[in-house]
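Each chain is listed here by its residues.
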Amino acid sequence: MRKPVATKALYAGSFDPVTRGHLDIIGKALRTFDTVHVAIGTNVRKTRMFGVEESQRLLARSITERWPQAATAGTDALFEGALEVGEYANQSLIAYARRIGATHIVRGLREASDFNEEFNLHGVAGRIDPSILMVHFICEAQFLHVSSSTARELDAVGERIDWLVMPSVEAAFAARRG
């Protein structure tokens, strides 16, 4: 069995907002795969705070804040095209992965309770298309308590969120507060 010549990973989520924990997983994926496609999706079980387009902008800004070398001089390409940002809606994760030519799906794990949901997703995805491999990265210990919902909740009660999100996301929260 041969490995594909080029690997492309899909890391999908609501990223509402993107957190430092998400960036940790993106960084690990960038070190592992030739191309990483981060797709912002709409979760029907959640109400978005930021629209998808705004979330895409915040994701790109957060990436360039975290890795200043990410933006290729004179272009909008992130890491010279090794990192893509997209959107998926009204289709399965596997259908989207096929559409963009992903060889792998990246998922992040923070705590043991994440495992049950991820185990189920892994089984379903494997039944739909076993050729697209699912890879799980465990985030660094400093990000175990970092989540989008925690950022929204702490901001709503006036607590600092700079340890959860990058400055551009923090500024977007401040702008929403007026």
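Scoring rules and cut-offs
- Residues numbered from 1 in each chain as written.
- Predicted model: local features only at pLDDT ≥ 70, side-chain atom pairs only at ≥ 80, totals over all residues.
- Heavy atoms only, no water.
- 1 Å grid on protein atoms, 1.4 Å probe; cavity = no way out; pocket = protein on both sides within 12 Å on 5 of 7 lines; lining within 4 Å.
- Points joined across faces, edges and corners; volume = space filled by probe spheres on them.
- Helix = DSSP H or I, 4+ residues; strand = E, 2+ residues; numbered from the N terminus.
- Nonpolar A, V, L, I, M, F, W, Y, C, P; charged D, E, K, R; others polar.
- Buried < 20%, exposed > 50% of the residue type's maximum accessible area, 1.4 Å probe, protein only.
- Pairing = 2+ DSSP bridges.
- Contact = heavy atoms within 4.5 Å.

Its boundaries defined by the atoms lining it, the largest pocket holds a volume of some 1,400 Å³. Taken together, 47 residues form the lining of the largest pocket, with Gly13, Asn43, Lys46, Arg107 and Glu117 sitting closest to its centre. For the lining of the largest pocket, the elements supplying multiple residues, two or more each, are strand S1 (8-13), helix H1 (20-32), helix H3 (93-100), strand S4 (104-109), helix H4 (112-128) and helix H5 (148-156). Ranked by residues supplied to the lining of the largest pocket, first place goes to H4 with 9 residues. Residue composition of the lining of the largest pocket, grouped by class: 18 nonpolar, 18 polar and 11 charged. Estimates place the volume of the second largest pocket at around 230 Å³. Looking at the lining of the second largest pocket residue by residue, the classes come out as 7 nonpolar, 2 polar and 5 charged.

Across the 6 residues of S4, 5 count as buried, placing the element largely inside the fold. Where S1 meets S4, 3 bridges bridge the pair, whose relative direction is parallel. If you follow tyrosine 11 over to S4, its bridge partner there is valine 106.

What follows concerns the side chain of threonine 7. Here threonine 7 is to be found in the segment before S1. By relative accessible area, which is 8% here, threonine 7 ends up buried. Here threonine 7 is in contact with Thr32, Phe33, Asp34, Thr35, Thr103 and His104, once residues within four sequence places are set aside.

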